[in-house]
Structures are given as C-alpha cells and as structure tokens.
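Examining the three-dimensional arrangement
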Amino acid sequence: MSRLLDGLEVGERIGQRVPEAVVEATPQWVVAHPEKLVAVTTYLRDDGELDFRFLIGVTAVDHLDHFEVVYHLQSLSHNHMLTLKTRALDHKNPEVPSLVSVWRGAELQEREVYDLMGIRFAGHPDLRRVFLWEGFPGHPLRKDWLEMPGGLTPGLGRFPGED
Amino acid sequence: MSMRTEPFVVNVGPQHPSTHGVFRLRLTLDGEKIIDAEMVVGYLHRSVEKLAEGRTYTQNIPFTDRLDYLSAMSNNLAYCMAVEKLVGIEVPERGQFLRVIMAEFQRIANHAMAIGSFAGECGVWFTPLMWMFREREKILDLFEMTCGARLTTNYVRIGGVSFDIPPEFMPAAKALVKELPERIAEYEALLLENEIIVVRSRDVGVLPPELAIAASTSGPVLRGSGVMWDIRKADPYAVYDRLDFDIPVGTRGDCYDRFLVRMEELRQSVRILEQALDMLPGGPASVEVPLALRPPVGEAYARIEAPKGELGFYLVSDGSPHPQRFHIRSPSYINLTPLRDMVLGLTVPDAIITLGSIDIVLGEVDR
C-alpha cells in the first residue's frame, strides 16, 4: 500500500532544511511559500529518505480570494506519497514559480493550469495556452468566469424537493 | 562543399488516421531528420472539468466515459473511487470483484486496439487490427449484456456497480477467458517476431528510464523503459492485493518494448480474470447512496492503473452536491510530455510509430 506521509513530519523536516518555507502543515498536506518552492521541491526530490522523483500531477483550485496550486508527489523507491501545495494570494495576477527545472513532467501540466486557470508559472520555458486558442477571453476554470446575473454560479444550489 | 539545407515544416494531422484522433504534430525537418517537434492539441477540448462543477457527483459519471472512450470502465472506476474516498463509502466485496473483472476485460479491449493499430502503423497493414477486433467485440458483447452499452458503459457507480451481472454473463465470460490464451499465443507467434514490426520499431523512439520518471509518464510507457511501477501492485485498490499477477517491464525503452509490455499484459489480465471469475463471491454488489450526495468539506485524490497509465481524479468538496474542483490526471496527456525528446533525430514515419506506441486517446488528452 502506498503510504501517505504525515504532512506535519515532512513540514518539520522541510523547515529544518529550508527555513521559513512552510506556511502550513496538516496531516494531509504541506503548504510551501511560493518564493521557497523550488528549494523545497529540490530538497524533496533529492533527499534520500524522501526521494520524490515522480511528480504525479499538478493542478490548481480557485478559492475565490486566492489560488492554491496542488502537487501530488510519489516516491517510487519508498512507495510513499505527499500532497504539496502553494498559494498564489494575488487573485488578479496569480504567479508561482515553475517547477519544470525540478520535474520535466510539470511542463505540459503547468501549461494546462495556465490555460484553464490563468496562473502564471515564472520561469516556464514555453508558457502558452494548450487547449484553447490565443486570444480566448479569460480562463474558464476560474469561479468568476461566466458569472450569471445576481451573482449565481452555474448549477443548482439544492435539489428540487430537497429541504 | 557542404550542402545548404532549409528547414521544412510538416504538419501531421489533425485530420490523419495515424494520429489516433485530432492530434496535430508540427515537425520541422532538416532533410529527412526531425530537428524540432511541437504538439498542438485542444481540437476535442470539451471543458469537462468546468462542466462537472455544475453537476452532481452521480451526474458526472457519464462524463468520465467520454474521456478515454476506449476504456470507459476504468474511467468510471477511478472517478467513483475518488468520490468514495471523499465520502467514506465501503463497497461490498462482490462489487469490488465485478469492478476488477470489468476493468481487466477493458484492459484487454484497450490493448487489443493499441496493439492492432500499432502493428498497422508499422506496416502490418490492417490484418492484426481485424484479429484484435474479434476479441474486443466479444468483450464489448459482455459489457452490453451487463449494462446495455458497449463503449460508454456508465457501469461503475458510487457505492458499487449499476447492475449485477445477468445469468448468461458467467458462461460467456468463462468461455472467453478459456479461449483467450490460445488466441494470444497465436498473436504472439504471428507478431512478436514479425520482421516488419521488429525492423520498424526496434531502437526507435527510445525513452530512457530517468527521463520516463522525470517526465511523469506512467503505464506501459514507463514500464517499457524498464521501471517496475504499477498502481495495482504499488497501491492496490479494489481486490488486486488478493490476486496473483506479474508486471512485465521492457529493457530498452523503445517502441518495440512498449509493444511487448502490452502483449504480455494481455496474458496477465487473463490470469487476473481466471482468478477473479472463480473467486466472485455472492451478496449485494452495491450499497445505497443518496442521489444528492453531499460529501463533507475536504479533498481526495484516487488513482488506478488504467490501460494507458495512472488515471487519477482529484476532487475538492465544499459540502454542496457539486464538486468545487474536479481534476483529471489523464495518462494520455501526461505521457506526451517526452514526445519531443523521443522523436528528435527520427524520420516522419518513425515519429508516427513513436506516437502510436504511446497509445493516446484524444478524448482524454483534450478532456
């Protein structure tokens, strides 16, 4: 069974190695400061006991006032996983550093996040839209893209017949 | 005297049978050698991730059929596992076994398609594809008698499966599983040392293991490079930890190795099916789950070894009946990351074979 590493423990280890890098650590995940992200991920990848050489996925979540970029990491040799997050607090111009220099696998996935969520990845070698065309208005996965009259978002708030 | 050559751009696709859909590849050539390659995707982009945010968790299951439309069962399974993880639902044992049986039949059907079209691209034109379709057809018949659909199955549901198997399923499935090893032996005899395939795909499109890991590839692409990594073994889901099977790996990481891995996976899937069909327990196949499912606030990432690689769903719930975020970690898309490195220095027909050996489905690449 792939073991999910305790975020508190990993957060402490990161804190010893890269000071002031951990913003928040819970048993489920570790939130790293965007400015220290490259140092943190390089440490996670190269440390022998952690050995996160495999980046499972990159994605982002719109939390209305800020964006959260989520990285799922996997160690093939020790068979454990970690959820690493970072936050882009500026909702108008979100930007986090690119991790293509750490994991090649981030290349296409960061382009996808940029295309659909509009987060800029500083230092990405080829940050262009990937699914939509250049000139497409906005970034569709943002919650405020296509706001309906009265501040409603698409979808039912509750079911018909449900109290 | 040296010849002056002009770089020449060739557009492969988006409308071309060898691109497996609407995939476009811009190849820059110097003479016959590829000096640059750029992939252009998005022709089939339907914004599934955004659409899913406006629907309920149950309503989203049919969307997952249409991602990788050649292995709908696996997609249903991965998504339902993510929702179950988010809510904390335990699926009964019979349901777990039925999921494994369907997922493995789906893997055979998918690999049949992948191997058949790969052989076609190598130049063994069409006959292998027709052989493979014979077996695939029987599997699709099994799906049809179980859930009424052949491709967009919508079979795996949150908490179990949509229908228990009909009485005629077991005899048909057992007969097919008995027949398959013979068929696979036939294909191995005809294809493994087929000179056309060997000459066209040996040492073509080499993916070194370090790059395969760094570029997040998964499934037969990663295993073809010699990395022993399979979610069914590393992070067992459903009842895979109770079944006995091996993980085939390649040695050189070329197109031929990826083809070999898929051939061997057919055999291993048959092995799993033999055991799972025998072990299938009685009892209920699913648990009741409310239609307007409201998962607690939180997030979940669940993954399976889909035929094409690691398929994961990342769901974020805000407590409402709709997912706040619905992300698909699609193996087809991410396996394309090292494509440029693999095709540099090759010729155009070799690039086509390399793309075929990755085995992509554009419904999943573009989503």
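Quick caveat, the model's predicted, so the values are computed rather than measured.

A few words now on the overall build of chain A. What chain A contains, in helices and strands, is three helices and eight strands. Traced from its N-terminal end to its C-terminal end, chain A shows the element sequence β-α-β-β-α-β-β-β-β-α-β. The proportion of buried residues among the 163 residues of chain A is 55%. Within chain A, contacts between residues separated by at least 24 positions form 49% of all contacts whose residues are at least 6 apart in sequence.

Residues and elements named next belong to chain B. Taken in spatial order, the three strands make up an open sheet running 6-7-8, and their pairing is antiparallel. Looking at strand neighbours, the two that pair on one side only are strand 6 (298-306) and strand 8 (323-329), the edges of this open sheet. On average, adjacent strands in this sheet sit at an angle of 10° to one another, irrespective of strand direction. Of the strand pairs in this sheet, strand 6 and strand 7 (residues 309-317) are connected by nine bridges, and their pairing is antiparallel. Bridge assignment links Gly298 to a residue of strand 7, and that residue is Ser317. Together, strand 6, strand 7 and strand 8 form the strand contacts of helix 3 (residues 72-87), whose direction differs from that of strand 6 by roughly 150°.

Under the 1.5 Å per step criterion, the end-to-end length of helix 3 of chain B is 23 Å for 16 residues, consistent within 8% with the ideal 22 Å. Once helix 3 of chain B ends, the next one or two residues include B:Gly88, with phi positive near 90°.

Reading predicted coordinates in detail is not appropriate for stretches of low pLDDT. When pLDDT is averaged along chain A, the result is 83, and 89% of the positions lie at 70 or above. Between the elements of chain A, mean pLDDT differs from a low of 80, seen in strand 1 (residues 3-4) of chain A, to a high of 92, seen in strand 5 (residues 67-75) of chain A.

Turning our eyes to something else, we now look at helix 11 (residues 255-279) of chain B. Between its first and last C-alpha atoms helix 11 of chain B spans 36 Å; for 25 residues at 1.5 Å apiece the expected length is 36 Å, and the two agree. The element helix 11 of chain B is largely enclosed, with a buried count of 18 among its 25 residues.

Moving on: the interface of chain A and chain B. Opposite the 47 residues of chain A that make contact, chain B presents 45 residues. When the buried surface of chain A facing chain B is broken down by residue, A:Arg104, A:Leu108 and A:Phe131 rank first, second and third, together holding 18% of it. For the pair chain A and chain B, the interface holds five salt bridges. Between B:Glu299 and A:Lys85 there is a salt bridge; the shortest N-O distance is 2.5 Å.

All names here are of chain A. Strand 5 sits mainly inside the fold: nine of its nine residues count as buried. Of the two faces of strand 5, the one holding Phe67, Val69, Tyr71, Leu73 and Ser75 and the one holding Glu68, Val70, His72 and Gln74 are both buried throughout. Of the strand pairs in this sheet, strand 4 (residues 54-62) and strand 5 are connected by eight bridges, and their pairing is antiparallel. The residue bridging Asp62 from the neighbouring strand is Phe67, located in strand 5. Adjacent in sequence and paired antiparallel, strand 4 and strand 5 are bridged by four residues, among which Leu64 carries a positive phi angle near 70°. For strand 5 and strand 6 (residues 80-88), the ladder comprises nine bridges, and the chain directions are antiparallel. In the strand pairing of strand 6, Val69 is matched with Thr86. Between strand 5 and strand 6, which pair antiparallel one after the other, the connecting turn spans four residues, and Asn79 there sits at a positive phi close to 55°.

Conventions we followed
- Residues numbered from 1 in each chain as written.
- Chains lettered and ligands numbered in written order.
- Predicted model: local features only at pLDDT ≥ 70, side-chain atom pairs only at ≥ 80, totals over all residues.
- Heavy atoms only, no water.
- Helix = DSSP H or I, 4+ residues; strand = E, 2+ residues; numbered from the N terminus.
- Buried < 20%, exposed > 50% of the residue type's maximum accessible area, 1.4 Å probe, protein only.
- Contact = heavy atoms within 4.5 Å.
- Pairing = 2+ DSSP bridges.
- Axes fitted to C-alpha atoms, helices over the stretch in contact; angles between N-to-C directions.
- Expected span 1.5 Å × (residues − 1).
- pLDDT = per-residue confidence, 0-100.
- Buried area = accessible area lost by both parts, 1.4 Å probe.
- Salt bridge = Lys/Arg side-chain N within 4 Å of Asp/Glu carboxyl O.

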